[in-house]
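Here is what each chain is made of, one letter per residue.
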Amino acid sequence: MQLLPRRAPATILDPVVSALARTGVTPNAVSTAGLAGNVAAGALAAGGFFLAAGVVALIASSLDLLDGGLARATGRVTRFGALYDSVLDRLSEAALLGGLLFHYSDTGLSRELGVVIFAAMVGSILVSYVRARAEGLGLELREGLFTRAERVILMGGALIIGGAWPGAVRIALWALAVMANLTVAQRVLAVRQALRDGGELASEPGQG
């Protein structure tokens, strides 16, 4: 079960990918730019500039939709590129959550919120880790209620709303902590069932 489609419509992506291909920019450069943008968003969140952080995070994370398409369009699909993109995606999420952790610790972090942010970060990383381990077992994994797309939209939207109502960010962190870790359990159970059945799970690349 999935909440959002795993790919943006080709009518939107193809013109952007074609324009990028003409500039000569590499897929890894696009991935790196996405990380840089999310680090900037984390710094803005740390300073309490939630609205700006949300806008920057959504723009930076949207680059994740482009690097794979650019690699295919330019014939630069490599196994290292897939690894590099995945690692930078995890760092991007950690940068944003780390920024929020810094912000709340600077303004009197409660033990409850500290645990929630920790759980959100661990769950977000484990969602992708379980998928990677499933692939290592020869299984392709599509299952995932709360993958990267949902996590990005949740936190980016909450930060934008948080510019006027900071409580939205706390609620989103709770939702992220719960839903990400439920997705971990969902994926583990899906892999267990697939191994028992001796079958394979369907997958699409890059859905951490």
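Please refer to the structure higher up on the page.
An account of the accompanying structure is given in this report. Please read these numbers as outputs of a predicted model, since none were measured by experiment. (Residues numbered from 1 in each chain as written. Predicted model: local features only at pLDDT ≥ 70, side-chain atom pairs only at ≥ 80, totals over all residues. Heavy atoms only, no water.)

Observations concerning the side chain of Asn38
Point 1. Tracing the sequence through the fold places Asn38 in helix 2 (residues 27-46).
Point 2. On the basis of relative accessible area, Asn38 is assigned to the buried category, the value being 3%.
Point 3. In contact with Asn38, other than residues within four places in its own chain, are Ala57, Ala60, Ser61, Ser92, Ala95, Leu96 and Arg148. (Helix = DSSP H or I, 4+ residues; strand = E, 2+ residues; numbered from the N terminus. Buried < 20%, exposed > 50% of the residue type's maximum accessible area, 1.4 Å probe, protein only. Contact = heavy atoms within 4.5 Å.)

Regarding the packing of helix 5 (residues 79-106) against helix 6 (residues 111-136)
Point 1. Their axes nearest at 10 Å, the elements helix 5 and helix 6 cross at an angle of 180 degrees. Considering their axes alone, helix 5 and helix 6 lie roughly antiparallel with respect to each other. For the pair helix 5 and helix 6, contact is made by Arg90, Glu93, Ala94, Leu97, Gly98, Leu100, Leu101 and Tyr104 and by Leu113, Ile117, Ala120, Met121, Ser124, Ile125 and Ser128, respectively.
Point 2. Along the lines of polarity and charge, the residues of the contact of helix 5 with helix 6 split into ten nonpolar, three polar and two charged. (Axes fitted to C-alpha atoms, helices over the stretch in contact; angles between N-to-C directions. Parallel < 35°, antiparallel > 145°, perpendicular 65-115°, else oblique. Nonpolar A, V, L, I, M, F, W, Y, C, P; charged D, E, K, R; others polar.)

Thoughts on the nonpolar core
Point 1. Grouped together as the largest cluster of nonpolar side chains are 26 residues, with contacts concentrated most on Leu100, Tyr104 and Leu173.
Point 2. Elements that contribute at least two residues to this core include exactly helix 2, helix 3 (50-62), helix 5, helix 6, helix 7 (148-162) and helix 8 (167-197).
Point 3. The element contributing the most residues to this core is helix 8, with seven residues.
Point 4. Beyond its immediate sequence surroundings of up to four residues, Tyr104 is in contact with Phe50, Leu109, Leu113, Ile117, Pro166, Val169, Arg170 and Leu173.
Point 5. Counting six residues, the second largest nonpolar core, distinct from the first, contains Leu139, Ala190, Val191 and Ala194. (Core = buried A, V, L, I, M, F, W, Y, C linked by side-chain atoms within 4.5 Å.)

What to know about the packing of aromatic side chains
Point 1. Under the definition given, this model contains two aromatic pairs.
Point 2. Centre to centre, the rings of Phe50 and Tyr104 are 6.4 Å apart; their planes meet at 55 degrees, and the pair counts as tilted. Here Phe50 is found in helix 3, whereas its partner Tyr104 is found in helix 5, with 54 residues between them in sequence.
Point 3. Residue Phe50 is classed as buried on the basis of its relative accessible area of 5%.
Point 4. The class for Tyr104 is buried, based on a relative accessible area of 5%. (Phe/Tyr/Trp six-rings, centres within 6.5 Å; stacked < 30°, edge-to-face > 60°.)

A closer look at the environment of Asp67
Point 1. Note that Asp67 resides in helix 4 (residues 64-74).
Point 2. A C-alpha to C-alpha distance of 4.7 Å links Asp67 and Pro27, two positions 40 residues apart in sequence.
Point 3. With sequence-adjacent residues up to four places away left out, Asp67 is seen in contact with Pro27, Val30, Ser31 and Asp85.

Examining a nonpolar patch on the surface
Point 1. A cluster of nonpolar residues, Leu51, Val55, Leu58, Ile59, Ile153 and Ile160, forms a patch on the protein surface that exposes about 480 Å² of accessible area.
Point 2. Only helix 3 and helix 7 provide two or more residues apiece to the nonpolar patch.
Point 3. Per-element tally for the nonpolar patch: the top contributor is helix 3, with four residues.
Point 4. With respect to the helices, strands and loops of the structure, Leu58 is situated in helix 3.
Point 5. Among the residues examined, Leu58 registers a relative accessible area of 30% and is labelled partly exposed. (Patch = residues over 30% accessible without salt bridge, like charges linked within 9 Å, V, L, I, M, F, W, Y side chains within 5 Å. Areas by Shrake-Rupley, 256 points an atom, 1.4 Å probe, with all protein chains shown as cover. Salt bridge = Lys/Arg side-chain N within 4 Å of Asp/Glu carboxyl O.)

Some words on the environment of Ala180
Point 1. Note that Ala180 resides in helix 8.
Point 2. On the accessibility criterion, Ala180 (0% relative accessible area) is buried.
Point 3. Excluding anything up to four places from it in sequence, Ala180 contacts Gly123, Ser124, Val127, Phe146 and Ala175.

Re the pattern of salt bridges
Point 1. Counted under the stated rule, the structure contains six salt bridges.
Point 2. Between Arg90 and Glu93 there is a salt bridge; the shortest N-O distance is 3.4 Å. Of this pair, Arg90 and Glu93 are both found in helix 5, three residues apart, which corresponds to roughly one turn of the helix.
Point 3. The partner of Glu135 in a salt bridge is Arg131, and the shortest N-O contact between them spans 3.2 Å. Highlighted residues: Glu135 and Arg131, both in helix 6, separated by four residues, approximately one helical turn.
Point 4. Under the relative-accessibility criterion, Glu135 is labelled partly exposed at 38%.
Point 5. Through salt bridges with shared partners, one network takes in Asp64, Asp89, Arg90, Glu93, Arg148 and Arg151.

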